[in-house]
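Geometric and topological summary
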Amino acid sequence: MKKVLMRGAFFALITGVLSSCSVQKGTSAKSVNLPDKKEVLDVSRRANQYFMNKWPDTGKEIVGKKVWPSNLWTRAVYYEGLIALYKVYPKKEYYDYAMSWSEKHNWNMMRDTYTRNADNQACSQTYLDLYEIDGKKNPERIKFVKASIDSMMATTKIDDWWWIDALQMAMPIFTKLGRMTGEKKYFDRNYEMYAYTKYKHGGNGLYNPKDKLWWRDKSFVPPYKEPNGEDCYWSRGNGWVVAALARTLEDTPKSDPHYQEYLQDYKDLLSALIPIQREDGFWNASLHDPTHYGGKEMTGTALFVYGMAYGINKGLIDRETYLPVVVKAWNAIAKDSVQPNGFLGWVQGTGKEPKDGQPLAVDKEPDFEDYGLGCLLLAASEVYQLK
């Protein structure tokens, strides 16, 4: 039976065994070579082209254990990444691919307009982006998005986001609508639902202010423990929160009464990631138990890169502290995950905890590969803008 480590001993282990895990002490941002912009684009284009070649029909159903329409959340995350790439590298082929996908789904939600499920609504982020990219001249692109969100707001129910992935899938929809329409109600409801997840779900909320990390859902709130006795903080789940907060901060006005709380939660979460970055630049699937399916994992790592690089670019976090962390992680992804043909290795399949989709490998194809690419492209879009 594995010896259970006390919290202090655990972090002593992290400090001793992974002393160079994120950044060697004393590493200066000035001594870090920024990733070459051309190479960042090459990695992005190569991975994206592999996917587009594999899926030429944007409306084709995804067949696995079940048959899924192609506007499910996994594909929606891919298009979020594609649009982010398009904004820094406006290749018409990318725009056309996203437009085709949106049109084939009639700009509507998975499982129709009046769903309350964040996963079903995630596709809305791309619809809203395409509406804005073309100068807000095509209201049909956001007709169903607005109807879906307004139908939620017609009730007093605010407990829909019971799993932390939902924050990334839905929060940016509310804040985009708020910015585009100028209606404060979207920002207000966004916070109400976020606060319920943070403070109420699972008993006392899914956020642990002591560790500055998030439990995936109530199933992982203590007394649940990882094999080493630590709390279970799933890498990609916390990556979803990082992305949600970055995208929320992008559209929420600084005058909003909750902007500073979003910002502080974002900063705190990022600070918690620094001492637990792996020596090779990745983060483990289980953030506080490196022995529980420890190893390279691309999706959580890419989302952390996205959030950190975004913060550096926007001046929200300290460049000196975070640039070495970002560059180390991005270089690991570019070197070890993105294969010469564009296939992405070390991608954990769908699930909700460290053990799902394991073991990972550089040549193992996950059950869904689209969202992994979306995470990569989100990261690349911000790494490309580093100066």
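Provided above is the structure to which this section pertains.
Residues numbered from 1 in each chain as written. Predicted model: local features only at pLDDT ≥ 70, side-chain atom pairs only at ≥ 80, totals over all residues. Heavy atoms only, no water.

1. Things to note about the packing of aromatic side chains
The tally for this structure, following the rule as stated, stands at 24 aromatic pairs. An angle of 75° between the planes, with centres 6.5 Å apart, marks the rings of Trp68 and Phe368 as edge-to-face. Of this pair, Trp68 sits in strand E2 (residues 67–68) while Phe368 sits in the loop between helix H13 (319–337) and helix H14 (370–383), placing them 300 residues apart in sequence. Assessed through its relative accessible area of 12%, Phe368 is described here as buried. Where Trp73 meets Tyr371, the ring centres are 5.3 Å apart and the plane angle is 35°; that geometry is what we call tilted. (Phe/Tyr/Trp six-rings, centres within 6.5 Å; stacked < 30°, edge-to-face > 60°. Helix = DSSP H or I, 4+ residues; strand = E, 2+ residues; numbered from the N terminus. Buried < 20%, exposed > 50% of the residue type's maximum accessible area, 1.4 Å probe, protein only.)

2. Structural notes on the environment of Asp356
Within the secondary structure, Asp356 is located in the loop between H13 and H14. Given the relative accessible area of 15%, Asp356 is considered buried. Between the C-alpha atoms of Asp356 and Tyr293, which are 63 residues apart in sequence, the distance is 9.6 Å. Setting aside its immediate chain neighbours within four residues, Asp356 contacts Gln348, Thr350 and Gly351. Here Lys352 takes part through its backbone nitrogen, which lies 2.7 Å from a polar atom of the side chain of Asp356. (Contact = heavy atoms within 4.5 Å. Polar contact = N/O pair within 3.5 Å; in protein donor to acceptor, adjacent residues only side chain to side chain.)

3. Description of unusual backbone geometry
A negative phi angle is the norm for most residues apart from glycine, just as the trans form is the norm for most peptide bonds. Looking along the chain, the bond that leaves Pro222 and enters Pro223 is cis, with omega of 25°. Summarising the element assignment, Pro223 is placed in the loop between strand E4 (213–214) and helix H10 (235–251). Here Gln358 and Pro359 are connected by a cis peptide whose omega angle stands at -5°. For Pro359, the location among the structural elements is in the loop between H13 and H14. We note that Trp107 has phi near 60°; this positive angle belongs to a residue other than glycine. Residue Trp107 is classed as buried on the basis of its relative accessible area of 7%.

4. With respect to the nonpolar core
If you look at the biggest cluster of nonpolar residues, it comprises 124 residues, and the most contacted ones within it are Tyr266 and Leu273. Setting aside its immediate chain neighbours within four residues, Leu273 contacts Leu213, Trp283, Leu287, Phe304 and Met308. (Core = buried A, V, L, I, M, F, W, Y, C linked by side-chain atoms within 4.5 Å.)

5. As for helix H6 (residues 124–133)
Among the 10 residues that make up H6, 8 are buried, leaving the element largely enclosed by the rest of the structure. Within H6 the residues assigned to the buried category are Ser124, Gln125, Thr126, Tyr127, Leu128, Asp129, Leu130 and Tyr131. In this structure, the buried residues of H6 make contact with helix H3 (73–88), helix H4 (92–104), helix H5 (118–121), helix H7 (143–153), helix H8 (165–181) and H10. With its phi angle positive at about 75°, Gly135 sits one or two positions after the end of H6.

These values are about where atoms sit, not about what they do.
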